[in-house]
Amino acid sequence: MVTIADVAKAAGVSPSTVSYALSGKRRVSAETRRRVERSVLELGFHPNAGARALAGKRSHILALAVPLRTDVYVPIMMEIATSVTVAARKQGYDVLLITNDEGPDGIRRLAVSGLADGVILMDVELDDKRIPTLGDLRTQAALIGLPDDPRGLSCVDHDFSAAGALCADHLADLGHRDIAFIGYGSGIYRRHAGYAERTLAGFRARAKERGLRFLHRPCEGTYEGTAGTLGRILSDRPHTTGFVVQNEGAIGRAGHVPDLRIHARRAAHRRTRAAQPHPDRPSEHRTGPGTQPHLGALRMSPHFRDLGEALEWRAKGETLRVEAWGPDAVRVRATPGGPLLDDLPGALLDTPPPGAKARISISEHHATVVNGALTVRVDADSEERLTPELPATAGRLTFLRTEDGAELLAEQPAHFWWPGPRLHTATGNGYHRLEQRFRAYPGERMYGLGQHTHGLLDQKGAVIDLVQRNGEVSIPLLVSDRRYGLLWNSPAIGRVELAETGTRWVVDSARQIDYWVTAGRPADVLRRYADATGHTPELPEWASGFWQCKLRYRTQEELLEVAREYKRRGLPLSVIVCDFFHWTHLGEWRFDPAEWPDPAAMVRELDELGVKLMVSIWPSVSPVSANYAPMLDQGLFIGTEYGPVAHADWPDKGLGAYSAQVAFYDATNPEARAYVWERIRRHYHDLGVKVFWLDAGEPELKPGHQQGLRYHAGPGLEVDTMYPRENARMVHDGLRAAGEDEIVSPNRSSWAGAQRYGAALWSGDIDTDFASLRTQIKAGLNVMMSGIPWWTTDIGGFHGGDPDDPAYRDVLVRWFQYGAFCPLFRLPATEPGSRSERTSHDDPPPDRPPRRPRLRRRLQPRAVGPTGLEGRRHADAPRQGQPGHRRRLLLGSAGAGGVPLRLRLARRPPRPAPRQRRGRGPGHPHRLSATVVHPCPPGRPAGRTGRHPAHPRQPRHLLPGRPRLPQRRGAHRHGPRRAVRRPPGGRDVARAQRVHHALLVRPHRRRLPGLVACPPRLT
């Protein structure tokens, strides 16, 4: 066994120095203390408890006096004892359990022996004889219970008087007038146990105030005792309709007593007969709801609690709460132990939306919460159980449609024995690995969950990581074609598995399960979601125009020359972006005067051209930045559990070929947001810049190990995915404080609720081919289904892409056509130095037509009209069995005359119908132009000029069955037949065109079932 001498030898000090270092009695230098502690760890030394107690005159033991009498309910006592033991161990104390009922003599013996540093008394009586002994011996003590005179004592207890009064009020409000109070055994009242006496006193006082007739009967907790007590009560007071039971042993046995069953039926029969309306006076004999007693009301499960607007279930140490949270919606929270936590970060607003009207009913085996179109049933699964032990399925939730009782969603246990549908696996310090399981349904389709590059529209069968990455955006809102929506209200790192055998939400480390469910069509789901998480501001008119950006404009003159050239050519331009490296150093948030000598003059000239300047803002801070040291000192960076606050390597000016180990400001810290905005205001906003581009806001960690991060809001594993929303909040709150009301900030990442801060989303850094375009179409639809109405993609992609390559130009043109109908219309450069601007070519070729930006300008009234609706995409919910109608889009709102689009990607063009071969347009004369949509069809040499076989006529851009869009003067309604020139290219290009078929844009006269990509109105 290792001794203190061994530690002293290893540390190179004397044994007394080791003793002083461990006890802290004398001052020891920091270096010596470190050597001693290192030796203790290496050798595994543990101080001798006895010697330590003799030296320190402290035993580090607490005595817990729990007299286990025959008339007490032992399980409750042991629950309290277990909690005391756990809390004591956290403070470095052990607990000595004293179970004999020795009274004052036992306390005196304990104090004289010096075994314990303090005493905790349980089962406190009103005139407890042990209390004077504590005062005489001057022993440190705490009481779990309240005596008659608590002065000078440390006591903790429930408010039993208020509990008794609440019971009387509850039964009186239900219409009961004859009530019986079934209490503990007579021995408890003889010795005046505080909890029993106070509850009875509170009940009696309130019953007298309410004019109730009542009686009190003690009861032993056995079946025989319960049956005898109930028999006497019903014999003495046959009109008794309500019961208050303060006896854990009697609860659950009352419903099995035959006399009580017979009495309940007779009482209900009598009350029903009394409630029959009199033929001459039909209004005098009515009774309100809940006044008729029935056996279910008398046998409510002890695990349910009605909290008014919420239902609570408690069993096996778990607390589950189902709470009405806005119309047709509920919030579900579950914690493995203790009360629910209300201050955890999430997506929902602090207060629920108005309009919720919850109706709660509780019976013996289940309870329900009805809130509008949604009903939630909580099953105890205790029916026909032979033992009181609850199964794994106890507390299982089922979400039903109120109208017809159809099942929308239901929890599913992993196993009939263990685990149940909710699994909490402790990871330490109050945190758990959480799992929430739901049932799978054949044919169900699932949409939303943010933006992902897996290429799926219906995400059933996918595993989605709940983590933020470049191009992978986690927004945990799931919309089902079964007409429900589920928001996972936790920013913790994890995943969701949408398997054929079940749906499972998993987070690696959090403190409680928290999610929100609503019922209705997808449009209703997203409308309720906006009510619960915040509404999107109105999209400014300038934001719905054409945006030009490039990686990067290196000087002020280069950027201005591009804007001037757009103006000279008469091309629409609303926004131009000043991208990264315009700063002096990363994290200084200011223009480099060597390259941008007069930003204020640049902003003024752009304003005269009708162009907004958007500036790129990064959350990273380089060590050479002037802001690094003060931000580090004030704790404004994302912290780390171990090591320095370095999260990624990134190039910075002045470092040559080397990269800086940058930190990220902590967007979850209000002080950090205020600090960063103050620099942005001083160096950008005061110069006239009012639009900001938030890049790398995932944040872009390298490597992405969130488990080592420490945010102001909590550990990285628990709060990491909310960072993009809080980053957007920094700009939104700053602009609001500066008096701005037109706020749009494009972000590379997002999270639930970001829409309320005017946060738009773009696709991130993506590839430059038709496969990527196809993926982006589906990703954009799912973004809209995630409650983010403002979305755009990198037109043409980001990684690679040579504008002089005919194959890439074909991709770019097709992408550009699609981009004209996206909520935001933006053309980026692919890589540094590439020529992506529409002004880059002196003579634009036929595959670079100028009509799309002008078409976009004509569509702007539909994107942002007098109703204030954002440009968006929308359609109806997909119906099962109709997979062909999944990609219907709408630019604008249906009520505002939006433009419906149908996007289809196929390997071959559709075969022309007979009507088309006779020269008629497909389906409807008012359709969108498909002039340059299709590549060269198979069998036709590339570069030939001719009409597309599927579209022999090319009508102008009109709304189907709606007023026409503004058109150029002289344009015919149906439009002339027009030859379509195909882009030049060789055999490889033609083959690529056939394999990667582009977009077919075609409206439909009637509203076909499709996919809701965005709610009709989020503002």
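If you're wondering where the values come from, they're calculated on a predicted model, not measured in any experiment. (Residues numbered from 1 in each chain as written. Predicted model: local features only at pLDDT ≥ 70, side-chain atom pairs only at ≥ 80, totals over all residues. Heavy atoms only, no water.)

Topic: the overall build of the protein chain
Spelled out, the test is: Helix and strand definitions here come from DSSP, where helices need a minimum of 4 consecutive H or I residues and strands a minimum of 2 consecutive E residues; each element is numbered from the N-terminal end. Between buried and exposed lies partly exposed: a residue is buried under 20% and exposed over 50% of the maximum accessible area for its type, with that area taken using a 1.4 Å probe on protein chains only. Throughout, a contact is declared for two residues whenever any of their heavy atoms are within 4.5 Å. Under the convention used here, a 1.4 Å probe and the Shrake-Rupley method define accessible areas, while residue burial counts only the protein chains that appear.
Each helix and strand in the protein chain was counted, giving 25 helices and 44 strands. In the protein chain, which comprises 1019 residues, the share counted as buried stands at 55%. Once local pairs closer than 6 in sequence are excluded, the contacts in the protein chain between residues at least 24 apart make up 71%. For the protein chain, the exposed area adds up to about 44600 Å²; of that, 51% sits on carbon and sulfur atoms.

Examining the confidence of the model for the protein chain
When pLDDT drops low, the exact placement of atoms in the prediction is not to be read closely. For clarity, the threshold we go by: Values of pLDDT, which run from 0 to 100, indicate the predictor's confidence residue by residue.
Counting all residues, the mean pLDDT for the protein chain is 78, and 75% of those residues have values of 70 or more. Throughout residues 841–849 the model reports pLDDT below 50, and contacts reaching past four residues in sequence, or to other chains, amount to 16 contacts. Across residues 913–1019, confidence stays below pLDDT 50; counting only partners more than four residues off in sequence or on other chains, it has 275 contacts.

So, unusual backbone geometry
Following Trp418, the chain continues to Pro419 via a peptide bond in cis, the omega torsion being 0°. Position of Pro419 relative to the elements: it lies in the loop between β17 (407–410) and β18 (422–428). Arg552 follows Leu551 through a cis peptide bond whose omega is 0°. Mapped onto the elements of the fold, Arg552 is located in the loop between β27 (546–548) and α15 (556–569). The residue Asp123 is not glycine, and still its phi comes out positive at about 55°. When its relative accessible area of 3% is taken as the criterion, Asp123 is described as buried. Notably, Asp328 is not glycine yet its phi reads approximately 60°, a positive angle. Take Asp328: its relative accessible area is 15%, and that puts it in the buried class.

Considerations on the nonpolar core
Rules: Only buried residues count toward a nonpolar core, which is a set of Ala, Val, Leu, Ile, Met, Phe, Trp, Tyr and Cys residues joined through side-chain atoms within 4.5 Å.
Among the nonpolar cores identified, the biggest contains 110 residues, and Leu559, Leu606, Leu613, Met631, Ile680, Tyr684 and Phe692 are the most heavily contacted of them. Filtering out sequence-adjacent residues up to four positions away, Met631 remains in contact with Trp589, Val621, Leu636, Phe637, Tyr665, Tyr675 and Val676. In this structure, Ala367, Leu397, Phe438 and Ala519 belong to the second largest nonpolar core, which totals 48 residues.

Here we look at the sheet that holds strand β15 (residues 374–379)
Stated formally: Strands pair, by our definition, only if DSSP identifies at least two bridges between them. Between N-to-C directions, angles span 0 to 180 degrees; the directions come from axes that are lines fitted to C-alpha atoms, helices contributing only their stretch in contact.
Spatial ordering of the open sheet is given by β13-β14-β15-β16-β17, a layout of 5 strands whose pairing is antiparallel. The open sheet has two edge strands with one neighbour each: β13 (358–362) and β17. For this sheet the average axis-to-axis angle between neighbouring strands, irrespective of direction, equals 15°.

Re a nonpolar patch on the surface
Counted only if it meets this: Here a patch means residues that are over 30% exposed by relative accessible area and free of salt bridges, tied together within 9 Å if like-charged and within 5 Å if nonpolar (Val, Leu, Ile, Met, Phe, Trp, Tyr). The salt bridge criterion pairs a side-chain nitrogen of Lys or Arg with a carboxyl oxygen of Asp or Glu, the two atoms within 4 Å.
Residues Leu68, Val74, Met78 and Leu97 make up a contiguous nonpolar surface patch of roughly 290 Å² in combined accessible area. Within the secondary structure layout, Leu68 lies in the loop between β1 (61–65) and α5 (74–90).

Here we look at α15
Here is the rule we go by: A helix is expected to span 1.5 Å for every residue after the first.
Look at α15: 21 Å from first C-alpha to last across 14 residues, which is about the 20 Å you get at 1.5 Å a residue. Within α15, burial applies to Gln556, Leu559, Leu560, Val562, Ala563, Arg564, Glu565 and Tyr566. Structurally, α15 contributes buried residues whose contacts are with β27, β28 (575–578), α16 (599–608) and β29 (612–617). Residue Gly570 follows α15 closely and has a positive phi angle near 75°.

Remarks on the pattern of salt bridges
Enumeration according to the criterion identifies 60 salt bridges in this entry. Between Asp379 and Arg377 there is a salt bridge whose closest N-O contact spans 3.2 Å. Looking at Asp379, the relative accessible area reads 10%, which means it is buried. Residues Arg469 and Asp465 are paired through a salt bridge, measuring 3.5 Å at the closest nitrogen-oxygen approach. Residue Arg469 is classed as partly exposed on the basis of its relative accessible area, which comes to 43%. A single network of salt bridges, built from pairs that share partners, joins Glu557, Glu561, Arg564, Glu565, Arg568, Arg569 and Glu605.

Some details on the packing of aromatic side chains
The geometry of an aromatic ring pair is captured by two quantities: the separation of the ring centres and the angle between the planes. To keep it simple, the criterion reads: When the centres of two rings from Phe, Tyr and Trp lie within 6.5 Å, Trp using its six-membered ring, the rings pair. Their planes under 30 degrees apart give stacked, over 60 give edge-to-face, and anything left gives tilted.
Under the criterion given, the structure shown has 27 aromatic pairs. Here the aromatic rings of Phe304 and Trp313 are separated by 5.2 Å at their centres, their planes lie at 55°, and the arrangement is tilted. Phe304 sits in the buried class, given a relative accessible area of 7%. What makes Trp313 buried here is its relative accessible area of 2%. Aromatic pair Trp693 and Trp762: ring centres 4.4 Å apart, planes at 40°, arrangement tilted. Taken together, the positions of Trp693 in strand β34 (residues 691–694) and Trp762 in strand β38 (residues 759–762) put the pair 69 residues apart, joining distant regions of the chain. There is no split in this pair, since Trp693 and Trp762 are both buried. These aromatic residues form a ring-pair network of at least three members: Phe399, Phe438, Trp488, Trp505 and Tyr515.

What to know about the environment of Ala21
Relative to the elements of secondary structure, Ala21 occurs in helix α2 (residues 15–23). Put simply, Ala21 and Glu37 are 16 residues apart on the chain and 8.3 Å apart in space, counted from C-alpha to C-alpha. In this view, Ala21 contacts Val28, Arg33 and Val36; residues no more than four positions away in its chain are not counted.

Quick notes on the packing of helix α21 (residues 770–784) against helix α22 (residues 806–819)
For clarity, the cut-off: Here is the rule for angles: anything less than 35 degrees is roughly parallel, anything more than 145 is roughly antiparallel, 65 through 115 is roughly perpendicular, and the remaining ranges are oblique. Should the near helix be turned anticlockwise from the far one by less than a right angle, the crossing is termed left-handed; should it be turned clockwise, right-handed.
Contact geometry of α21 with α22 gives a least axis separation of 10 Å together with a crossing angle of 15°. The angle between α21 and α22 falls in the class roughly parallel. Remark: the crossing between α21 and α22 carries right-handed chirality. Within the contact between the two elements, α21 uses Phe770, Ser772, Leu773, Gln776 and Ile777 and α22 uses Asp810, Val811, Arg814, Trp815 and Tyr818.

Some details on the packing of helix α1 (residues 4–11) against helix α3 (residues 30–43)
Between α1 and α3, the shortest axis-to-axis distance is 9 Å and the interhelical angle comes to 125°. In terms of orientation, α1 lies oblique with respect to α3. Read as a crossing pair, α1 and α3 show a hand that is right-handed. From α1, Asp6, Val7, Ala10 and Ala11 reach across to α3, where they touch Arg35, Val36, Ser39, Val40 and Leu43.

A word on the environment of Arg469
Following the sequence through the fold, Arg469 ends up in the loop between β21 (463–466) and β22 (473–480). With 229 residues separating them along the chain, Arg469 and Glu698 place their C-alpha atoms 6.0 Å apart.

What about the sheet that holds strand β35 (residues 709–711)?
Here 3 strands make up an open sheet; going across it, the order is β31-β35-β36 and the pairing antiparallel. Either end of the sheet is taken by a strand with one partner, and the two such strands are β31 (639–640) and β36 (714–715).

What to know about the pairing of strand β11 (residues 318–324)
The buried fraction of β11 is high, at 7 of 7 residues. Alternating positions in β11 separate into two faces, Glu318, Leu320, Val322 and Ala324 on one and Thr319, Arg321 and Glu323 on the other, with burial throughout. Summarising the sheet, strand β10 (residues 310–315) and β11 pair through 6 bridges and their orientation is antiparallel. Within the sheet, the bridge partner assigned to Glu312 lies in β11 and is Arg321.

Description of the environment of His647
Applied cut-off: Any N or O atom pair separated by 3.5 Å or less is treated as a polar contact, with the protein-specific requirement of one donor-capable and one acceptor-capable atom, and with residues adjacent in sequence counted only for side-chain atom pairs.
Its location among the elements puts His647 in the loop between β31 and β32 (648–651). Other than its neighbours up to four places away in sequence, His647 contacts Ile638, Gly639, Thr640, Val662, Ala663, Phe664, Leu701, Lys702 and Leu709. A polar contact is formed between the side chain of His647 and the backbone oxygen of Ile638, at a distance of 2.9 Å.

Things to note about the side chain of Asp514
Among the secondary structure elements, Asp514 is positioned in strand β26 (residues 513–519). For Asp514, a relative accessible area of 6% puts it in the buried group. A polar side-chain atom of Asp514 sits 2.7 Å from a polar atom in the side chain of Arg331. Those residues in contact with Asp514, other than ones at most four positions away along the chain, are Arg331, Val332, Arg333, Trp488, Asn489 and Ser490.

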